[in-house]
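# Observations on the model geometry
Chain residues, written in single-letter form:
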Amino acid sequence: MSLEESAAEIAPEAASEGAPWTVYCDGSAMPNPGRMGIGAVLTAPDGTRHTLSQATHTTGCNNEAELLALTLALHDLRARGVTAVRAYSDNSTLVEQLGAAGARPIARLAGLFDDARALLGSFDDARLQWIPRHRNGEADALARAALGFAPKAPARYIKKRR
């Protein structure tokens, strides 16, 4: 089933008078490049949460997996009738390519970036922002789970001895 088909199967919900939904998305490629898993956490303005976790049937790099995670989440929101979204990703390449007018294009992924730009542009209000990896743990865990991997262990900070 394609990403568009899986998003189209979702029953539309009320869009809460244009209040923004929040999306945390992440993608994994194991190895990189390799099998791709995508995950996203969608939160409605009323706090209702929806999760997406899906393995793709193709291979690709981590940037491609991240793009697929974002587009799956955006398709899902469009199917729900959402008009405003705040999307967060820990992939700086994705955020730079979609947010900066003068970003140097990645030729192999140009079509996917064009699709994501068009989807973002289909919302009345859409914003995409980079976040540190440690703030995107749930989406990362969903992407890894789609491939049969456990969540990453939290980073341990070791104090320096003086």
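Data block above holds the structure.
Here's what I pulled together on the structure shown here. Quick caveat: nothing in here was measured; it's all calculated off a predicted structure.

A word on the nonpolar core. Val23, Leu42, Leu70, Leu74, Leu77 and Leu98 are the most contacted members of the largest nonpolar core, which has 32 residues in total. Broken down by secondary-structure element, the contributors of at least two residues to this core are strand 1 (21–30), strand 2 (34–43), helix 2 (62–79), strand 4 (84–89), helix 3 (92–99) and helix 4 (110–121). No other element matches helix 2, which puts nine residues into this core.

Taking burial as the measure, the six residues of strand 4 include six buried ones, the bulk of the element. Residues Ala84, Arg86 and Tyr88 line one face of strand 4 and the alternating positions Val85, Ala87 and Ser89 line the opposite face, and both faces are buried. Looking at chain direction, strand 4 and strand 5 (residues 125–130) are connected through six bridges and run parallel. Pairing of Val85 across the sheet is with Ala126, part of strand 5.

Attention shifts here to the side chain of Ser28. Along the chain, the position of Ser28 falls in strand 1. What makes Ser28 buried here is its relative accessible area of 7%. Other than its neighbours up to four places away in sequence, Ser28 contacts Arg35, Met36, Gly37, Ala65, Asp140, Ala143, Arg144 and Leu147.

Below, the discussion takes up the environment of Ala65. Within the secondary structure layout, Ala65 lies in helix 2. Taking the relative accessible area as the measure of exposure, Ala65 reaches 0% and is therefore buried. The spacing of Ala65 and Pro33 is 32 residues in sequence and 9.7 Å in space, taken between C-alpha atoms. Contacts of Ala65, omitting those with residues within four sequence positions, involve Gly27, Ser28, Met36, Gly37 and Ile38.

What counts and what doesn't
Residues numbered from 1 in each chain as written. Predicted model: local features only at pLDDT ≥ 70, side-chain atom pairs only at ≥ 80, totals over all residues. Heavy atoms only, no water. Core = buried A, V, L, I, M, F, W, Y, C linked by side-chain atoms within 4.5 Å. Buried < 20%, exposed > 50% of the residue type's maximum accessible area, 1.4 Å probe, protein only. Helix = DSSP H or I, 4+ residues; strand = E, 2+ residues; numbered from the N terminus. Pairing = 2+ DSSP bridges. Contact = heavy atoms within 4.5 Å.

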